[in-house]
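# Coordinates in review
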Amino acid sequence: MKINKRISKLLKLECGQCSSCCRDIQVDITDADLIRLVKHTGISADRLVRLYGHNKNDRDIESDWFNLSYGKRAIVLNKKRNGDCIFLERDSGCIAYEARPMTCRIFPICVVYDEDHDIVNLEKSEVITDKTITCTCSGKTGQTYEDFMTIARQARKEHALFLHMIDKWNSQTDNGNKNDFLRFLGFKVLTHTSK
Ligand code: SF4
Ligand code: SF4
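Residues numbered from 1 in each chain as written. Chains lettered and ligands numbered in written order. Predicted model: local features only at pLDDT ≥ 70, side-chain atom pairs only at ≥ 80, totals over all residues.

### So, the site of ligand 1
Residues in contact with ligand 1 amount to 13 residues; listed here are only the nearest, Cys 15, Gly 16, Cys 18, Cys 21 and Cys 135. In terms of residue class, the shell around ligand 1 is made up of eight nonpolar, five polar and no charged. (Near = placed C-beta within 6 Å. Nonpolar A, V, L, I, M, F, W, Y, C, P; charged D, E, K, R; others polar.)

Here it is in structure tokens:
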């Protein structure tokens, strides 16, 4: 991937701390994100996530869908009743900052991959360009290309491994429920809630 003026400008963006991305969008996560969050917070995996079924208003990452006995689902970070991310404290920000998901580390940039999971482009996140949220990031010092790409490459690797696990799960004939899926990923499940 070549660095051009547009990409240099993107990398200069610094967070305006408005918290909109922690309130108003779904945060996609992988099993690797979840391992870090469980370790950091001591909260069980089943309480940290929720599943959603396909909805025409949701962003459709086709390959992230997995089959459960009651239909196709995708996994995202759980939210509070008011819609805030479970880790957002309005006074102090993210209380799981050190273990925040890769999606949060990369935002507001969207990393574009090709079929082989190679990074081919960087763009401003679609939820900003389509005005789902108003992001107050502005061009300041930002981050270096090398620092950003280190995170982007790790995210790409973890996402590819997660897709591999989903493929494996989807190839089973008996797909089970949410807790069965989490156990399949290697997590201990403490609640009896199945959806
Ligand atoms: S929406 Fe943009 S400015 Fe607001 S917290 Fe998220 S990254 Fe920062
Ligand atoms: S994990 Fe932290 S940074 Fe990510 S959405 Fe939640 S509060 Fe925001």
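That covers the picture; the talk isn't over yet.
### With respect to the nonpolar core
Judged by nonpolar contacts, the single largest core of 31 residues is most densely connected at Ile 29, Leu 34, Leu 48, Val 49, Val 76 and Leu 77. When residues no more than four places from it in sequence are discounted, the contact partners of Leu 77 are Val 27, Ile 29, Leu 48, Val 49, Cys 85, Ile 86 and Pro 101. (Core = buried A, V, L, I, M, F, W, Y, C linked by C-beta atoms within 7 Å. Buried ≥ 20, exposed ≤ 12 C-beta atoms within 10 Å, placed from the backbone. Contact = placed C-beta atoms within 7 Å.)

### Brief notes about helix α3 (residues 31-41)
All of the buried residues in α3 are Asp 33, Leu 34 and Leu 37. Mapping the buried residues of α3 onto a view down its axis gives an arc of 95 degrees, with all of them on the same face. Of the surrounding secondary structure, the elements contacted by the buried residues of α3 are α4 (45-48), β2 (49-53) and α5 (102-106). Two residues or fewer after α3 comes Gly 42, characterised by a positive phi angle close to 75 degrees. (Helix = DSSP H or I, 4+ residues; strand = E, 2+ residues; numbered from the N terminus. Arc of directions from axis to C-beta.)

### Looking at helix α7 (residues 145-170)
The terminal C-alpha atoms of α7 lie 36 Å apart, and with 26 residues this matches the ideal 38 Å at 1.5 Å per residue to within 8%. Turning to α7, its buried residues are Ala 152, Ala 155, His 159, Phe 162 and Ile 166. Packed against the buried residues of α7 are α3, β3 (66-68), α5, β7 (109-113) and β8 (119-124). (Expected span 1.5 Å × (residues − 1).)

### As for the site of ligand 2
Around ligand 2, the structure places Cys 22, Val 27, Cys 85, Phe 87, Leu 88, Cys 94, Ala 96, Arg 100, Pro 101 and Cys 104. Among the residues making up the shell around ligand 2, the classes are represented as nine nonpolar, no polar and one charged.

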